[in-house]
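Tertiary structure, described
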Amino acid sequence: MSQFDLLAPIYDNMDILPFRKEIEIPSVLKMLGDISGMSVLDFGCGSGYYACLLKKRGAKRVVGYDIANGMLEYARNKELINPLGIEYVSTLDNLEQQFDLVLGVYVLPYAGSREKLQSMVNNMVKLIRPGGRLLTLPLNPKYSIISDYYVPYGFKIVSDSPYQDGSTFQLHLLYNTPHIINGWYWSYEVLNNAFKKSGLTNIQWSKPNVKDSSLSTQFSRYINNPHTVMVSASYI
């Protein structure tokens, strides 16, 4: 059983967390831009939260992919209750080069070796049509190692070997039902190398920011050192 199989309801309700509502989600949508008429795959779709947003923002085709059966079952049940025309799949067979955009939110930290990291990036890129792009959100390679830094935002990150490639970390979810998720740390250098080896170009890193400048003071601590960053890259 995947560590994510039982987390779907928790993940689906985390959009109400202030840092996600005011920073992460608006930043992702802004970076996506106009996706009207596009074919989009949500890689590691989890509960289907972003897949639903993609469809509501005008994507012609949306496919959600995940290997966690619990997550997919939850997402498929949502689709049955409120049909949006989203496909949810557990395999990438026969999907090569069918998408204008691949979105991968919080998936790269769960590659447990350099080989698995490269394989994950390759699997995302092979889905993209020439001229398309990838948008993914890895763990910020310079995330704060202060133990309680992110506690005001509903989580904390714990690691015995911070900033060491391939080292493990724990993401402690403090919202609602506390839960621990295990992941692996990868540096800018390792991630960039993986992107380049997959054939991606025009690799751009950026930090998420508040959608409303009036909230800058309230979220200044998080904005200064967010736990995630956004990477946009093209596939020629």
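Taking an unreviewed UniProt entry as the reference, the protein is identified by name as Class I SAM-dependent methyltransferase belonging to Providencia manganoxydans.

**Considerations on the sheet that holds strand β4 (residues 99-105)**
Sheet architecture is open: seven strands sit in the order β3-β2-β1-β4-β5-β10-β9, paired in mixed fashion. The open sheet has two free edges, formed respectively by β3 (86-89) and β9 (200-206), since each of these has just one partner strand. When strand polarity is set aside, the average angle formed by the axes of neighbouring strands in this sheet is 15°. Where strand β2 (residues 61-65) meets β3, four bridges bridge the pair, whose relative direction is parallel. Its bridge partner lying in β3, valine 62 is registered against isoleucine 86. Against the sheet, helix α4 (residues 69-81) makes contact with β2 and β3, and its axis sits at roughly 160° relative to β3, the strand it touches most. This element, helix α6 (residues 188-197), spans β5 (128-137), β9 and β10 (230-235) of the sheet and lies at about 150° to β9.

**Some words on the UniProt feature "domain: Methyltransferase" (unreviewed entry) in the protein**
When the UniProt feature table is mapped onto this chain numbering, "domain: Methyltransferase" (unreviewed entry) sits at residues 40-132. The distance from the first to the last C-alpha atom of residues 40-132 is 10 Å, and the span holds 35% helix and 27% strand.

**A closer look at the side chain of serine 187**
Counting through the fold element by element, serine 187 comes out in the loop between β8 (179-184) and α6. Judged by its relative accessible area of 12%, serine 187 is buried. In terms of polar contacts, serine 187 uses its side chain to reach the backbone amide nitrogen of valine 190, at 3.3 Å. Apart from the residues lying within four places of it in its own chain, the contact partners of serine 187 are Pro141 and Asp165.

**Let's talk about the sheet that holds β8**
Reading across from one edge, β6-β7-β8 is the order of the three strands in this open sheet, with antiparallel pairing throughout. The strands lining the two open edges of the sheet, one partner per strand, are β6 (155-158) and β8. Neighbour-to-neighbour, the strand axes of this sheet turn through a mean angle of 20°, independent of strand direction. Bridge count for β6 against strand β7 (residues 168-173) is four bridges, and the pairing is antiparallel. By the bridge assignment, valine 158 is partnered in β7 with glutamine 170.

**Some remarks on the pairing of β2**
Burial analysis of β2 places four of its five residues in the buried class, which makes it a mostly covered element. Pairing of strand β1 (residues 39-43) with β2, which is carried by five bridges, proceeds in the parallel orientation. From the neighbouring strand, phenylalanine 43 faces β2, where its bridge partner is tyrosine 65. In this fold, the crossover linking β2 to β3 by way of α4 has right-handed handedness.

**Considerations on unusual backbone geometry**
You will see that tyrosine 106, though not glycine, has its phi angle at about 60°, which is positive. Mapped onto the fold, tyrosine 106 is located in the loop between β4 and α5 (114-125). For tyrosine 106, a relative accessible area of 22% puts it in the partly exposed group. Here the phi dihedral of tyrosine 163 falls at roughly 70°; this positive angle occurs in a residue that is not glycine. You can see tyrosine 163 is positioned in the loop between β6 and β7. On the basis of relative accessible area, tyrosine 163 is assigned to the partly exposed category, the value being 33%.

**Concerning the nonpolar core**
In this structure, Leu41, Phe43, Val102 and Leu108 are the most contacted members of the largest nonpolar core, which totals 29 residues. At the level of elements, β1, β2, β4, α5, β5, α6 and β10 are the ones that each hand at least two residues to this core. Here this core takes five residues from α5, the largest share from any one element. Aside from chain neighbours lying at most four places away, what touches leucine 108 is Leu117, Met120, Val121, Met124, Thr136, Pro138, Trp186, Leu191 and Phe195.

Quick notes on the rules
Residues numbered from 1 in each chain as written. Predicted model: local features only at pLDDT ≥ 70, side-chain atom pairs only at ≥ 80, totals over all residues. Heavy atoms only, no water. Pairing = 2+ DSSP bridges. Helix = DSSP H or I, 4+ residues; strand = E, 2+ residues; numbered from the N terminus. Axes fitted to C-alpha atoms, helices over the stretch in contact; angles between N-to-C directions. Contact = heavy atoms within 4.5 Å. UniProt positions renumbered as here; feature names shortened; annotations may be inferred. Buried < 20%, exposed > 50% of the residue type's maximum accessible area, 1.4 Å probe, protein only. Polar contact = N/O pair within 3.5 Å; in protein donor to acceptor, adjacent residues only side chain to side chain. Right-handed = clockwise from strand over helix to strand, strands pointing away. Core = buried A, V, L, I, M, F, W, Y, C linked by side-chain atoms within 4.5 Å.

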